[in-house]
Amino acid sequence: MKSSSTMHARQRARRPQHALIALVVTLILIALGIGLSTWQFVVVVALSKGLAALGLVLLLRCGLVSFGQGLYYCAGAYAVGMAMSHLGIRDLVPLLLLATVSAAVIAALLGVLLSRYRDIFFAILTLAFTMILYGLLIRNPVLGGSDGFNVQSPTFFLLADGALSRRTMFIITAVVVGVSIWAVQRFLATPMGRLGPAMKDNEIRVEYLGASARRNIFWNYTLAGALAGLGGGLTSFSIGHIDPDLAFWTTSGEFLFIAILGGTRNAYAPFLGAIALELIRSLAFQYVPNSWQIVIGVSMLVIIIFLPGGLISIARLWLRSAARGA
Amino acid sequence: MSEPVVLVSARNLRKQFGAVFAARDITVDIHAHSVSGLIGTNGAGKTTFVNMLTGYLKPDQGQIFFDGHEITGRPPREITRMGITRSFQIPQLFDSLTALENVETALGIVGKPLEQAEEILARFELTPFADALAGILPEGVRKLLDIALAMVADPRVLLLDEPTSGVDSSEKFEIMDRIMKIVREAEVTAMFVEHDMEVVRRYSDRVLAFYDGSILAAGAPEEVMRDEKVLEYIIGRPLQAGRPAQAQVVQEGAHA
């Protein structure tokens, strides 16, 4: 039997300082964004998509593949756009809250049904729901039809009136992402968060330990929807235009791509994946404009073959070798 | 001496799969703190009985009571929370997690501090396997880990479905010694399904002999194992001194 000091050392080692790490990540993002101002827009879009992919990571950890994360991304963006145009709300904080809550409510409603399904049935149903929203939006002239509509730049109550600059928007996005990473890392450390990988492995044992797999999937799905809604809200600010394509299945496919590219081990991974994808896409578009899709496809192949744990596994390998060297 | 307390009571349990009766009007009482061995040939109804008690199967007819409360047809998670847990013939683990993480997950579900995980592994002498993935552990270790998970919730009744199947015969008694030590210390009422008659004789206070969906005999191990019907239909021949009996498969129609 191991000594109690060994036990406690192991327990201490398992308790990373999530708040501190999230703060450092946020500060690095802000520094990079300010230093590399030409990349600000690309990174803001990547981080917004990363939030949707973060929600997907929660589902992937439970063994569920969703092709419908675009539904909530779109719902968040449209909630912002509609609140601005119909309710006259301009402040970023209530707009983002509205985007998050409206997406969460839709996710909760659909989650009641979806939590009954697994595997391909779950995947296809999520795809069906997002395509239903897409169909409704392109046929609805009040919501801009297939063209969508423009979203004004928001205000922020802590700052003077007027549209937010790109730099301020970048900083706010980085802070929102930092807080989300911290919150999700905290969630993953809770019994419910820890249950995800367990359910992926064996739902029978989960039930025979006294937990409800369906209830757990419902909450993970709702949280995933809320995160995608938040990402959609941020996207609407940075792009300034929303349209039904946000709900098209290829958008959901992109989130899945990001999640696999980054990895599902923790809450940092999807943002790494999102930034990597945007960089690969931007550079490929610049240097091989006629075949950038091939570059992205090959990148994905390389990741799946050589880094099945995603890009985040490079960081893990690096940390492990650094720990060995210390 | 006071009357033994009935903790689990099954009344006229019946379960049918198509034309096959897996349980025919099973009526039995399980006393608190007892250890019951469930014997019978394959398809005799032992696992069906365990599955009905733990909510995996809903009986077509009959009632199950636990500590005076009816639990018939309740889902496994409710029955688990009430205090009946189980292990499985094929261990049900979280294969991509380490042994330690398996126990931590279980502790999280029942709302206990995760710090207890290492103590639980130590109780089952599984500490050397703490950081190994459950999916690659030897079968005997997997069986023990499966039981450790079942014990995390401090159950009042523990059902073990073939705890030594797939385990090398030399390890069987070592594993059962470990399990029974923990069961006795925790004062848990236990039932285990087992094909090895020597294991049953050595570790159970009471034996329930199943045959063709019914309980053929119930009582003290030596008494049941001397029962003519049990000898004829289940064991096949009497126990010989120092040697475990070999169970023989009862041929269709042999009892007709």
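Residues numbered from 1 in each chain as written. Chains lettered and ligands numbered in written order. Predicted model: local features only at pLDDT ≥ 70, side-chain atom pairs only at ≥ 80, totals over all residues.

A count of helices and strands for chain A gives 14 helices and two strands. Relative to the 2.2 N^0.38 estimate, which gives 20 Å for 326 residues, the radius of gyration of chain A is 20 Å and therefore close to what a compact globule would have. With respect to the three principal axes, the spread of C-alpha positions in chain A is 70 × 45 × 45 Å. With 326 residues in all, chain A has 46% of them scored as buried. (Helix = DSSP H or I, 4+ residues; strand = E, 2+ residues; numbered from the N terminus. Rg over C-alpha atoms; globule rule 2.2 N^0.38 Å. Buried ≥ 20, exposed ≤ 12 C-beta atoms within 10 Å, placed from the backbone.)

With that out of the way, let us pick up the confidence of the model for chain B. Of the residues in chain B, 91% reach a pLDDT of 70 or more, and the chain-wide mean stands at 87. Long-range and interchain partners of residues 241-256 of chain B, a stretch whose pLDDT sits below 50, account for 21 contacts in this model, where long-range means more than four residues apart. (pLDDT = per-residue confidence, 0-100. Contact = placed C-beta atoms within 7 Å.)

Now for helix α3 (residues 99-110) of chain B. Here α3(B) contains twelve residues, and its C-alpha end-to-end distance of 17 Å stays within 8% of the 16 Å for a straight helix at 1.5 Å per residue. Burial within α3(B) is extensive, with eleven of its twelve residues counted as buried. Those residues of α3(B) not exposed but buried are B:A99, B:L100, B:E101, B:N102, B:V103, B:E104, B:T105, B:A106, B:L107, B:G108 and B:I109. On its buried face, α3(B) is in contact with α8 (191-201) of chain A together with α4 (117-123) and α5 (139-151) of chain B. Of the residues trailing α3(B), B:G111 is marked for its positive phi of about 80°. (Expected span 1.5 Å × (residues − 1).)

Moving on, we get to the nonpolar core. With 172 residues, the main nonpolar core has B:V103, B:L145, B:A148 and B:A209 as its most contacted residues. Considering each element in turn, this core owes the most residues, 13 residues, to helix α3 (residues 40-61) of chain A. Residues in contact with B:A148, not counting those within four places in the same chain, are B:V103, B:I120, B:L121, B:F124 and B:L126. (Core = buried A, V, L, I, M, F, W, Y, C linked by C-beta atoms within 7 Å.)

Turning our attention to the sheet that holds strand β10 (residues 214-219) of chain B. Residue and element names in this part refer to chain B. Within the open sheet, the six strands sit side by side as β6-β7-β8-β3-β9-β10. Their pairing is mixed. Pairing within the sheet leaves two strands with one partner each, and these edge strands are β6 (84-87) and β10. Along the sheet, successive strands turn relative to each other by an average axial angle of 20°, direction set aside. Sheet analysis places β6 next to strand β7 (residues 157-161), joined by four bridges and oriented parallel. Directly across from T85, in β7, lies its bridge partner L158. Across the sheet, α5 touches β6 and β7, and the angle it forms with β6 is around 170°. (Pairing = 2+ DSSP bridges. Axes fitted to C-alpha atoms, helices over the stretch in contact; angles between N-to-C directions.)

The next thing to look at is the interface of chain A and chain B. Of the residues lining the interface, 19 residues belong to chain A; the matching set on chain B comes to 23 residues. For the side of chain A that touches chain B, the elements supplying multiple residues, two or more each, are α1 (4-13), α8 and α9 (203-207) of chain A. The greatest single-element share of the side of chain A that touches chain B, amounting to six residues, is contributed by α8(A).

All names here are of chain B. Taking strand neighbours across the sheet as the criterion, the four strands line up as β2-β1-β4-β5 in an open arrangement whose pairing is antiparallel. Unpaired on one side and paired on the other, β2 (20-31) and β5 (69-70) mark the two borders of the sheet. Bridge count for strand β1 (residues 6-17) against β2 is eight bridges, and the pairing is antiparallel. Bridging across to β2, K15 finds its partner in A23. Those strands touched by helix α1 (residues 46-53) are β1, β2 and β4 (61-66), and its axis lies near 65° from that of β2.

Residue and element names in this part refer to chain B. In textbook terms, the turn of a hairpin is the stretch between consecutive antiparallel strands, and for β1 and β2 this stretch comprises two residues, one of which, G18, has a positive phi near 65°. Sheet topology note: the β1/β4 ladder contains five bridges and is antiparallel. Following the sheet pairing, V8 is matched in β4 by F66.

Time to look at the pairing of β10(B). Looking down a regular strand, the side chains alternate between one sheet face and the other. With five bridges connecting them, strand β9 (residues 206-211) of chain B and β10(B) associate as antiparallel partners. The residue bridging B:L208 from the neighbouring strand is B:A218, located in β10(B).

What follows concerns the packing of helix α5 (residues 92-114) of chain A against helix α10 (residues 213-239) of chain A. Residues and elements named next belong to chain A. Two numbers describe how α5 lies on α10: the axes approach to 7 Å, and their chain directions differ by 150°. α10 is crossed by α5, and the crossing has right-handed handedness. Here the contact of α5 with α10 is built from residues that sort into 16 nonpolar, eight polar and no charged. (Left-handed = near helix turned anticlockwise from the far one by under 90°. Nonpolar A, V, L, I, M, F, W, Y, C, P; charged D, E, K, R; others polar.)

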